[in-house]
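# Observations on the model geometry
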Amino acid sequence: MELDLSPRLPKKVYGGDGGSYFQWCPEELPMLRDGNIGAAKLALEKYGLALPRYSDSPKVAYVLQGAGTAGIVLPEKEEKVIAIKKGDSIALPFGVVTWWFNNEDTELVILFLGETHKGHKAGQFTDFYLTGSNGIFTGFSTEFVGRAWDLDETTVKKLVGSQTGNGIVKVDASLKMPTPKKGDREGFVLNCLEAPLDVDIKDGGRVVVLNTKNLPLVGEVGFGADLVRIDGHSMCSPGFSCDSALQVTYIVGGSGRVQIVGADGKRVLETHVKAGALFIVPRFFVVSKIADSDGLSWFSIVTTPDPIFTHLAGRTSVWKALSPEVLQAAFKVDPEVEKAFRSKRTSDAIFFPPSN
């Protein structure tokens, strides 16, 4: 069966006046199921509230657009109320209860990427809602709810039955929501647009990597993430993950071309991508990207906490390490061609600006 790695857009799962929830489907993107990867997007309109929920999978959230407020409750901990904005990354381990709110005119859009190894459905997140028409309260009898929280029957019925919305609701503008606390961001949020750069190549590209040093909760999530931005017509060097990790890539902005090469030297994907598309690079497959004139940026997770990448161009590439004689024999070329090949790309760069 031929491997289909074509980039896909998400499908709307539910929504209303307060906003919508979208998810990438394993049926359309089989690599999600095969790799136990989940991917979803939350879009909230003004006064939209994503009701409190927890998930069956660890995730990384990335704010694609807008600003708002997030409530985060780690197991047996107090609630953190955090102001979030474009570029923010938040690691969400197992057992975390979250809610999300938009009080701005601009739509708040949040991307979620994560693993589903322990989830109920391979390749798909399952959320458990604390309130709403599909909340956990609705599944228990009035007697159980009353005894658990020491409430009379009338109060229980009001508590359970008043909220008829599910997942996302629009709250009244007069309702005062919790005010974010500046200190609550520490250790929970890293803004990838403001953080120190891990890679910075002039006229080439920039990378910010999420790790346990700049975002400690990444260690509990169990996988790494990064934001990569390359300039117009620049190239991201061909490379692969040499520690059997999958690369899950969401195009944040711009556009460009992508090629992926798999076993037996077969090109398994050649496509043009633009903002909103998501694709997955299988284990050990080699991927490279070239930006259009408007540049190209993407947010990725790699299914290992400390990924190791091998790049096939630049000073640190494997080609520079191999003996000249081996390269001559392997390529079946004369020493002059081998020397010309080796003498190019002598910097540590993994991004290559366009040639003048």
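Going by what an unreviewed UniProt entry lists, the protein is known as Cupin 1 and is assigned to Arabidopsis suecica.

### Quick look at the packing of aromatic side chains
On inspection of all chains with the given rule, the structure shows 9 aromatic pairs. Pairing Y54 with F128 gives two aromatic rings, centres 5.2 Å apart and planes at 10 degrees, and the pair type is stacked. With Y54 in strand β4 (residues 48-55) and F128 in strand β11 (residues 127-129), the pair connects residues that are 74 residues apart, well separated along the chain. Look at Y54 and you get partly exposed, because its relative accessible area is 29%. Note on F128: relative accessible area 27%, which makes it partly exposed. A ring pair is formed by F137 and W149, whose centres lie 4.8 Å apart and whose planes are at 70 degrees; its orientation type is edge-to-face. A residue pair is termed long-range when its members are at least 10 positions apart, and F137 in the loop between β11 and α2 (142-149) and W149 in helix α2 qualify at 12 residues. W149 sits in the partly exposed class, given a relative accessible area of 48%. Taken together, Y14, Y21 and Y129 form an aromatic cluster joined through their ring pairs.

### Description of the environment of A39
Its place among the elements puts A39 in strand β3 (residues 37-44). Sequence spacing of A39 and Y54 is 15 residues, and the spatial spacing of their C-alpha atoms is 15 Å. Other than its neighbours up to four places away in sequence, A39 contacts Q23, W24, F112, L113, F125 and L278.

### A look at the environment of K121
By the secondary structure assignment, K121 is in the loop between β10 (108-115) and β11. On the basis of relative accessibility, which here comes to 46%, the residue K121 falls in the partly exposed class. Distance from K121 to P26, taken between C-alpha atoms, is 9.6 Å for residues 95 residues apart in sequence. Here K121 is in contact with D56, T116 and T126, once residues within four sequence places are set aside.

### Concerning the side chain of S297
Along the chain, S297 falls in strand β21 (residues 286-302). Look past the residues within four positions of S297 in its chain and what remains in contact with it is V228, R229, Y250, I251, V252 and G253.

Criteria and cut-off values
- Residues numbered from 1 in each chain as written.
- Predicted model: local features only at pLDDT ≥ 70, side-chain atom pairs only at ≥ 80, totals over all residues.
- Heavy atoms only, no water.
- Phe/Tyr/Trp six-rings, centres within 6.5 Å; stacked < 30°, edge-to-face > 60°.
- Helix = DSSP H or I, 4+ residues; strand = E, 2+ residues; numbered from the N terminus.
- Buried < 20%, exposed > 50% of the residue type's maximum accessible area, 1.4 Å probe, protein only.
- Contact = heavy atoms within 4.5 Å.

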